[in-house]
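Per-entry structural report
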Amino acid sequence: MKILVTGGAGYIGSVLTEELVRDGHEVVVYDNLSKGHRSAIAPAASFVHAELADVSTLRNTLSNNGIEAVIHMAADSLVGESGVDPAKYYENNLVNGLTLLAAMKAAGVNRIVFSSTAATYGQPEQQPIEETAPTKPTNPYGETKLAFERAMRWYTEAYGLRYASLRYFNAAGASENFGEHHDPESHLIPIALQAAAGSREAVEVYGDDYPTPDGTCVRDYIHVIDLARAHILALSVLDEGSRIYNLGCGGDGYSVNQVLETARQVTGKEIPARVGPRRAGDPATLIAASDKIKSELGWKPEFQDLRLIIESAWRWMQKHPNGYSGQEPL
Ligand SMILES: NC(=O)c1ccc[n+]([C@@H]2O[C@H](COP(=O)([O-])OP(=O)(O)OC[C@H]3O[C@@H](n4cnc5c(N)ncnc54)[C@H](O)[C@@H]3O)[C@@H](O)[C@H]2O)c1
């Protein structure tokens, strides 16, 4: 299939593009490189360096490449920043998303897989979280992702759009070639590994008085390759109808302290940690029920063990101590 991946130069997009190309798809990456990296794009993919808001480039890219489906990953995704600057999030995650849907409609492209998030649920009362749980986002990031999901639902009814919205929990790990390089980094595993590598002094633990087994927050980590494979499965059934799936590994999840301890074991390094105050709006536990995608699409995570996830991230970080900085495209 000919697929446009918006945000394909970002962390998850880089691994997804690699997997799509490996499966024989023709991929066009569309990214403004605001957060992504040129050298994170698999060499077999074409690259359009452009902004989602640039309607004519978007339309031409869809038409000139005969695009059959879009995987929409481009977004701003810092929860804290979204509270300080909601306009940025409405603009990029919602307005630019609608621009993409309009361009797709004009170009006759009606299939889309969307990167949604556990943040659409807010602070759910029940764990693990099922797709039917109430959606009550507690920040503009989650709110704008949910607003786009809702738009896709109405576009499905009125214009025959076919969408899969994948609500990711915590993406982590790396492939052999592509890994996580954000600036600033906000995700626990790369932060812990930066501390192990000596490029960060200590890891800040946001509260240790939560109602969890060790008092630190519990999250559900999913390997970025398992996440990528789920997109490819979702693409294959789009014509059968629109759908929403959670994507996490489920189980009991892992606490912040468990992640730090596993990172110490994997790296054999000290990882100093400092307990600070809670962050506003951080739920104690977020664990996905992913049974729906498992039973409907046969998705099966290969790297459920946190140790495997952290080992892969550590391998990539050791090969790329400065991330993508200064690295030529492959
Ligand atoms: N990383 C996670 O754990 C996680 C969890 C839930 C949801 N998500 C969602 O998954 C998607 C990918 O996440 P990621 O961690 O790879 O993020 P990322 O920031 O690494 O990648 C996003 C990419 O989109 C590009 N981009 C942003 N705005 C753009 C625009 N207006 N025009 C063109 N390109 C633009 C950036 O340059 C970047 O390459 C995002 O939509 C995010 O909200 C991520």
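The structure we're discussing is the one just above.
Report on the accompanying structure.

What counts as what
Residues numbered from 1 in each chain as written. Predicted model: local features only at pLDDT ≥ 70, side-chain atom pairs only at ≥ 80, totals over all residues. Heavy atoms only, no water. Pairing = 2+ DSSP bridges. Helix = DSSP H or I, 4+ residues; strand = E, 2+ residues; numbered from the N terminus. Core = buried A, V, L, I, M, F, W, Y, C linked by side-chain atoms within 4.5 Å. Buried < 20%, exposed > 50% of the residue type's maximum accessible area, 1.4 Å probe, protein only. Contact = heavy atoms within 4.5 Å. Phe/Tyr/Trp six-rings, centres within 6.5 Å; stacked < 30°, edge-to-face > 60°. Lys NZ or Arg CZ within 6 Å of the ring centre and 35° of its normal. Near = heavy atom within 4 Å. Polar contact = N/O pair within 3.5 Å; in protein donor to acceptor, adjacent residues only side chain to side chain. Areas by Shrake-Rupley, 256 points an atom, 1.4 Å probe, with all protein chains shown as cover. Axes fitted to C-alpha atoms, helices over the stretch in contact; angles between N-to-C directions. Salt bridge = Lys/Arg side-chain N within 4 Å of Asp/Glu carboxyl O.

Let's shift gears to the sheet that holds strand S14 (residues 285–286). Spatially, S12-S9-S14 is the arrangement adopted by the three strands of the open sheet, whose pairing is mixed. Looking at strand neighbours, the two that pair on one side only are strand S12 (254–255) and S14, the edges of this open sheet. Sheet analysis places strand S9 (residues 218–219) next to S14, joined by two bridges and oriented parallel. By the bridge assignment for S14, arginine 219 is matched with leucine 286.

Among the nonpolar cores identified, the biggest contains 43 residues, and Val5, Ile12, Leu20, Ile71, Leu235 and Leu247 are the most heavily contacted of them. Looking at this core, the elements with two or more residues in it are strand S1 (2–6), helix H1 (11–22), strand S2 (26–31), strand S4 (69–72), strand S6 (162–168), helix H7 (224–236), strand S11 (243–247) and helix H9 (291–297). If we ignore the near neighbours within four places in the chain, the residues touching isoleucine 71 are Ile3, Leu4, Val5, Thr6, Leu16, Leu20, Val113, His231 and Leu235. Leu193, Ala195, Tyr210 and Trp314 belong to the second-largest nonpolar core, a separate cluster that totals 26 residues.

On inspection of all chains with the given rule, the structure shows three aromatic pairs. Ring geometry for phenylalanine 114 and phenylalanine 148: centres 4.7 Å apart, planes at 55 degrees, overall tilted. Linking phenylalanine 114 in strand S5 (residues 111–117) with phenylalanine 148 in helix H5 (residues 140–159), this pair joins segments that are 34 residues apart in sequence. Here the two residues phenylalanine 114 and phenylalanine 148 agree in accessibility, since each one is buried. Lying across the ring of tyrosine 159, lysine 105 places its NZ or CZ 4.5 Å from the centre. Here the basic side chain of arginine 278 rests over the ring of tyrosine 210, its NZ or CZ set 3.9 Å away from the ring centre.

Attention now goes to the site of the ligand. The immediate surroundings of the ligand are formed by 30 residues, with Asp31, Met73, Tyr141, Lys145 and His182 found nearest. In the environment of the ligand, an oxygen atom lies 3.1 Å from a nitrogen or oxygen atom belonging to the backbone of serine 34. One of the side-chain N or O atoms of tyrosine 141 is found 2.7 Å from an oxygen atom in the ligand. Protein chains bury 96% of the 830 Å² of accessible surface belonging to the ligand in isolation.

Here we come to the pairing of S2. Among the six residues in S2, five count as buried, and that is most of the element. With five bridges connecting them, S1 and S2 associate as parallel partners. When the bridges of S2 are listed, threonine 6 appears paired with tyrosine 30. For S2 and strand S3 (residues 46–49), the ladder comprises four bridges, and the chain directions are parallel.

Let us look at the sheet that holds S5. Pairing within the open sheet is parallel, and its seven strands lie in the order S3-S2-S1-S4-S5-S6-S11. Of all strands in the sheet, those with a lone pairing partner are S3 and S11, marking the two edges. For this sheet, the mean angle separating the axes of adjacent strands, direction not counted, is 20 degrees. In terms of strand pairing, S1 meets S4 through four bridges, oriented parallel. Looking at the pairing, valine 5 lines up with isoleucine 71 of S4. Where H5 meets the sheet, its contacts fall on S4, S5, S6 and S11, and the angle it forms with S5 comes to roughly 155 degrees.

What follows deals with the pattern of salt bridges. Summed over all chains, the structure comprises 19 salt bridges. A salt bridge links glutamate 176 to arginine 315; the nearest nitrogen and oxygen atoms lie 3.4 Å apart. Here the residue glutamate 176 occupies a position in the loop between strand S7 (170–172) and helix H6 (188–197), and arginine 315 occupies one in helix H10 (residues 306–319), the gap between them amounting to 139 residues. The exposure class of glutamate 176 is partly exposed, given its relative accessible area of 43%. Residue classification places arginine 315 among the partly exposed residues on the basis of a relative accessible area of 41%. Between arginine 219 and aspartate 282 there is a salt bridge; the shortest N-O distance is 3.8 Å. You can see arginine 219 sitting in strand S9 and its partner aspartate 282 sitting in the loop between strand S13 (273–276) and S14, a full 63 residues away along the chain. In this structure arginine 219 comes out as buried when scored by relative accessible area, which is 11%. Note on aspartate 282: relative accessible area 19%, which makes it buried.

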